[in-house]
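Coordinate analysis (summary)
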Amino acid sequence: MRDFNSPLALRLGGSAAAAVVAALTIGSVVALATASITLSGSTGDPLQNLGAGAIAGAAGALAAIVAYLVGIVIGVRRAVVEGRRAATVAALSLPLPLLAVASVVAFSWSFRPLVVVAGALLLLAVAVLVLAVSGALDGVLAVRFGGATAGAAAICVVLAILVHPADRGSALADRYRRAAVPVALIDGSTLDAPAPGWRLHSIEHPVDLGGGPRTPALVLAPPAVIWQVRGNYVQLQFVAQRGAALTACPPSCERLGATPEGAAIWAMRRPAGASPGYESIWVNVDGGRWQLAGVGPLALDVADAVTVLSRLKPVDVERFVAVAGLVPA
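Residues numbered from 1 in each chain as written. Predicted model: local features only at pLDDT ≥ 70, side-chain atom pairs only at ≥ 80, totals over all residues. Heavy atoms only, no water.

**Details of the overall build of the protein chain**
Stated formally: Here a helix means four or more residues in a row that DSSP labels H or I, a strand means two or more in a row labelled E, and each is numbered from the N terminus. The classification of residues rests on relative accessible area computed with a 1.4 Å probe and restricted to protein chains. Under 20% of the type maximum is buried, over 50% is exposed, and intermediate values are partly exposed. Residues are treated as being in contact if the distance between any of their heavy atoms lies within 4.5 Å. We get accessible surface area from the Shrake-Rupley algorithm with a probe of 1.4 Å; when it comes to residues, only the shown protein chains can shield them.
Across its full length, the protein chain carries 9 helices and 9 strands. By residue count, 36% of the 329 residues in the protein chain fall in the buried class. Look at the contacts in the protein chain between residues 6 or more apart in sequence, and 65% of them connect residues 24 or more apart. Looking at the protein chain as shown, the accessible area adds up to about 17,300 Å², and 67% of this sits on carbon and sulfur atoms.

**Focus on the pattern of salt bridges**
How we decide: Just to be clear on terms, a salt bridge is a Lys or Arg side-chain nitrogen sitting within 4 Å of an Asp or Glu carboxyl oxygen.
Counting across every chain of the model gives 4 salt bridges. Put simply, E318 and R177 hold a salt bridge, and the shortest N to O gap is 2.4 Å. Residue E318 is found in helix α9 (residues 317-324), and its partner R177 is found in helix α7 (residues 168-179); the two are separated by 141 residues along the sequence. Classification of E318 as partly exposed rests on a relative accessible area of 47%. Overall, R177 belongs to the partly exposed group, its relative accessible area being 42%.

**Comments concerning the packing of helix α3 (residues 85-93) against helix α5 (residues 113-134)**
Rules: Here, axes are lines fitted to C-alpha atoms. For helices the fit covers the stretch in contact, and angles between N-to-C directions go from 0 to 180 degrees. By definition in this entry, angles of less than 35 degrees are roughly parallel, angles greater than 145 are roughly antiparallel, angles of 65 to 115 are roughly perpendicular, and the rest are oblique. Note that Gly is not counted as nonpolar here; it falls among the polar residues with everything else outside the nonpolar set of Ala, Val, Leu, Ile, Met, Phe, Trp, Tyr, Cys and Pro and the charged set of Asp, Glu, Lys and Arg.
Contact geometry for α3 and α5: axes closest at 8 Å, N-to-C directions at 175 degrees. The angle between the axes of α3 and α5 places the two elements in the roughly antiparallel class. Side by side, α3 and α5 meet where A87, T88, A91 and L92 of the first sit next to V126, L129, V130, V133 and S134 of the second. Split into classes, the residues belonging to the contact of α3 with α5 amount to 7 nonpolar, 2 polar and no charged.

**Some words on the environment of I55**
If you trace the backbone, I55 turns up in helix α2 (residues 46-79). With 21 residues separating them in the primary sequence, I55 and T34 have C-alpha atoms 7.6 Å apart. Non-local contacts of I55, meaning those with residues more than four positions away in its chain, are made with T34 and T38.

**Structural notes on the pairing of strand β4 (residues 232-240)**
As a reminder, the rule being used: By this definition, two strands are paired if DSSP reports at least two bridges between them.
The sheet contact formed by strand β3 (residues 224-229) and β4 spans 6 bridges and is antiparallel. Within β4, the residue paired with I226 across the bridge is Q235. What sits between the antiparallel neighbours β3 and β4 is a turn of 2 residues, in which R230 has the positive phi angle 50 degrees. When β4 meets strand β8 (residues 288-295), the two strands line up antiparallel, connected through 8 bridges. Residue pairing in the sheet places A240 in a bridge with G288 of β8.

**Structural notes on the packing of helix α1 (residues 6-38) against α5**
Formally: For any pair of crossing helices, the crossing counts as left-handed if the nearer helix is rotated counterclockwise from the farther one by less than a right angle, and right-handed if it is rotated clockwise.
Two elements in contact, α1 and α5, have axes whose closest approach is 11 Å; the angle formed by their N-to-C orientations is 125 degrees. By the angle between their axes, α1 is oblique relative to α5. When you trace α1 past α5, the crossing you get is right-handed. On the side of α1, the interface is formed by L8, A9 and L12, while α5 contributes V130, L131 and S134. The class makeup of the residues in the contact of α1 with α5 is 5 nonpolar, 1 polar and no charged.

**Considering a nonpolar patch on the surface**
What counts, and what does not: Patch members must show over 30% relative accessible area and no salt bridge, and they are joined within 9 Å when carrying like charges or within 5 Å when they are nonpolar side chains of Val, Leu, Ile, Met, Phe, Trp or Tyr.
A contiguous nonpolar patch, built from L62, V66, V70 and I74 and spanning about 350 Å² of accessible area, is present on the exposed surface. Checked against the element boundaries, V70 lands in helix α2.

Next comes the structure, spelled out in structure tokens:
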């Protein structure tokens, strides 16, 4: 047996490339079709749009995964001899979990060069594994080359950690600065709500897609502090407003009062047909808005919401992250 079977390697490479193209095409079509359906009845509510986008993305990703797996199964059946097909399909499926891990790393480490190199080396190691189990590459050579490649990838990851220590607080602060959201704490010092029965549940931090110092982070939804309130959830969203401040009250809203500093507290009533009450209550501040919104079937408690908004004090990003950085997201 020769050490390297180039015709078989080319056939496998072509099959994998065709499967990737099919996955991207079908996944995009399904995502767009799903989005057109889920957004057809949208009222413009940001949370509703976010949910519709998440559903469309999940549907597209699932369709892309199925298309990729079907594509590689078809390609392997045509190229690889019986007895090696199952192992080859399994090896060609490894990029899927690697892609999921890469997505998490990309969000948390912002595409550090050494991590990108490590990812490329791991994909190369997977390619060597595919060639070995399919019979296109001699096993001894595959072990040597694949082991060296995987080892180099591990060294890159270690160097990335040593050269760029993981400073979660600094990274979070940088995200908030790029998102330009007006952060605040209760009495300027805590995230424990002053209203009785409110328990801090989690925090949704801004999503950072690796924007540069002059490029804002892409925020899919406003960063939010989420409290659990008697079986319901209430989130405090920090909404950025670049340029002119938010001052006008939208249609169908009303003024509930004012904070001790004199800022007006506004509220939006729930839509017709829903239970009575308010769906959001907010205060306009420099740089944007602090907005309380219910997540669930129950309407906001007005007295509690006014208490929380009245006790909020603006703080700098470093102070907010020092308090919020260790809260589960």
